[in-house]
Amino acid sequence: MMTTVAFIGLGNMGGPMAANLAKAGFQVRAFDLSDQALETAKSHGCDVAASAKDAATDADFIISMLPAGKHVRGLYVDGDTPLFDVIKQSALVIDCSTIDADTARSVAAAGAEKGIGFVDAPVSGGVGGAQAGTLTFIVGGSEAQFEQAKPVLDVMGKNIFHAGDHGAGQVAKVCNNMLLSILMAGTCEAINMGVKNGLDPAVLSEIMKQSSGGNWALNVYNPYPGVMENAPASKGYQGGFQVDLMIKDLGLAMDVSQQSASPVPMGSAARSLFTLHKAGGNGNLDFSSLLTFYQDKNSA
């Protein structure tokens, strides 16, 4: 019997993830509001469903990749046709959206009342990771649910972590992305200062990479154009992870900080920087474009 996976939300991340499941031999029933996304999914071996309800009915797994908590709640609990009314009891819902932990917990509880498992499994690794099947999944749910989800997640990702109970995946994700924003902002500052003082950005990057300032942004995502040919910086800051999405994640981090009285002065500073950068009309550029925020505007 072939395992059926309903995949709802075929954006920049969801599309390639669904394609990898189809390639691995799962029967994927895909649904998205965009006809173009459905066409692409079809060309990658997915079956196209007429609605989210049609995709989810009788599926063994339901994976969603949606913009925000209200969309996840609307899909499973509150909408015109809540999927929890049609999903079979043995099925597992894997929500890969990055949303607030409270929504993840409340949707999981609503599923549990109907005997349906739900885990939060936000991802890290970007569009490149989605295409290559090397994403990191950070899962919140019970041990049994984590084991049930793992064979499906293994097809789409390389590192599958069990962060803890429901909601823990979301908390771990925003901690990670807050740190990423801080590292990227610091990397942009340091490279810009070096270049303003006559250093070659590639040479300075290599020095810092091999020294105590080394970090992920320097290793795989250099923000200075031309230093790394595959980084968004060398492609006009197109693709990658948009400033708008980083600001969304930093907003979620600030909520977690507020609710738990966790001081985040560096995270707050990074959020301000990215928000100022967005205010300059850069919301849809890759987040490494923050480098341009530091550059002399009159000499650029």
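Overview of the structure. Remember, it's a predicted structure, so these values are computed and weren't measured experimentally.

Another point: the pattern of salt bridges. All told, the structure shown has 8 salt bridges when counted by the stated rule. The salt bridge partner of Asp-102 is Arg-105, with a shortest N-O separation of 3.0 Å. Here Arg-105 and Asp-102 lie together in helix α5 (residues 101-113), a separation of 3 residues that amounts to about one turn. When its relative accessible area of 43% is taken as the criterion, Asp-102 is described as partly exposed. For Lys-209, the salt bridge identified is with Glu-206, shortest N-O distance 3.5 Å.

Let us look at the nonpolar core. Grouped together as the largest cluster of nonpolar side chains are 34 residues, with contacts concentrated most on Phe-7, Met-17, Ile-94 and Phe-137. Residue assignment for this core shows that the elements contributing at least two residues are β1 (4-8), α1 (14-23), β2 (27-31), α2 (35-43), β4 (61-64), β5 (92-95), β8 (135-140) and α7 (143-156). The dominant element in this core, judged by the number of residues it contributes, is α7, at 5 residues. For Met-17, the contacting residues outside a window of four places in its chain are Phe-7, Met-65, Cys-96, Val-123, Ala-130, Leu-135, Phe-137 and Met-156.

On to the pairing of strand β6 (residues 117-120), then. Of the two faces of β6, the one holding Gly-117 and Val-119 and the one holding Phe-118 and Asp-120 are both buried throughout. At this point the chain moves from β5, through α5, to the parallel β6, and the crossover so formed is right-handed.

Now for the packing of aromatic side chains. Tallying each qualifying case throughout the model produces 8 aromatic pairs. Look at Tyr-76 and Phe-118: their rings are 5.8 Å apart centre to centre, the planes differ by 80 degrees, and that puts the pair in the edge-to-face class. Placement of the pair is Tyr-76 in helix α4 (residues 69-78) and Phe-118 in strand β6, with a sequence separation of 42 residues. For the pair Tyr-76 and Phe-118, one class covers both residues: buried. Taken together through their ring pairs, the aromatic side chains of Trp-216, Tyr-221, Phe-241, Phe-274 and Phe-287 make up a single cluster.

Okay, the pairing of β5 next. In β5, alternate side chains face the same way, and those of Leu-92 and Ile-94 on one face and Val-93 and Asp-95 on the other are all buried. In the sheet, β4 pairs with β5 via 4 bridges, with the strands oriented parallel. Looking at β5, one finds that Ser-64 is bridged to Asp-95. Each parallel crossover has a hand, and the one from β4 via α4 to β5 is right-handed. Bridge analysis of β5 against β6 gives 4 bridges, and the strand direction is parallel. By the bridge assignment for β6, Ile-94 is matched with Val-119.

On to the environment of Ser-97, then. Residue placement: Ser-97 occurs in the loop between β5 and α5. If near-sequence neighbours (up to four positions away) are discounted, Ser-97 is found in contact with Ser-64, Met-65, Leu-66, Val-72, Pro-122 and Gln-170. In this structure the side chain of Ser-97 is engaged in a polar contact, spanning 2.8 Å, whose partner is the backbone nitrogen of Leu-66.

Right, let's talk about the packing of helix α8 (residues 168-196) against helix α11 (residues 243-260) for a bit. Where α8 contacts α11, the axes come no closer than 9 Å and their chain directions differ by 120 degrees. Overall, the two elements α8 and α11 adopt an arrangement that is oblique. Judged by the sense of rotation from one axis to the other, the crossing of α8 with α11 is left-handed. Between α8 and α11, the contacting residues are Lys-173, Val-174, Asn-177, Met-178, Leu-180 and Ser-181 on the first element and Met-246, Asp-249, Leu-250, Leu-252, Ala-253, Met-254 and Val-256 on the second. In the contact of α8 with α11, the residues fall into 9 nonpolar, 2 polar and 2 charged.

Criteria and cut-off values
Residues numbered from 1 in each chain as written. Predicted model: local features only at pLDDT ≥ 70, side-chain atom pairs only at ≥ 80, totals over all residues. Heavy atoms only, no water. Salt bridge = Lys/Arg side-chain N within 4 Å of Asp/Glu carboxyl O. Helix = DSSP H or I, 4+ residues; strand = E, 2+ residues; numbered from the N terminus. Buried < 20%, exposed > 50% of the residue type's maximum accessible area, 1.4 Å probe, protein only. Core = buried A, V, L, I, M, F, W, Y, C linked by side-chain atoms within 4.5 Å. Contact = heavy atoms within 4.5 Å. Right-handed = clockwise from strand over helix to strand, strands pointing away. Phe/Tyr/Trp six-rings, centres within 6.5 Å; stacked < 30°, edge-to-face > 60°. Pairing = 2+ DSSP bridges. Polar contact = N/O pair within 3.5 Å; in protein donor to acceptor, adjacent residues only side chain to side chain. Axes fitted to C-alpha atoms, helices over the stretch in contact; angles between N-to-C directions. Parallel < 35°, antiparallel > 145°, perpendicular 65-115°, else oblique. Left-handed = near helix turned anticlockwise from the far one by under 90°. Nonpolar A, V, L, I, M, F, W, Y, C, P; charged D, E, K, R; others polar.

Interpretation note: all reported values are geometric properties and have no functional meaning in isolation.
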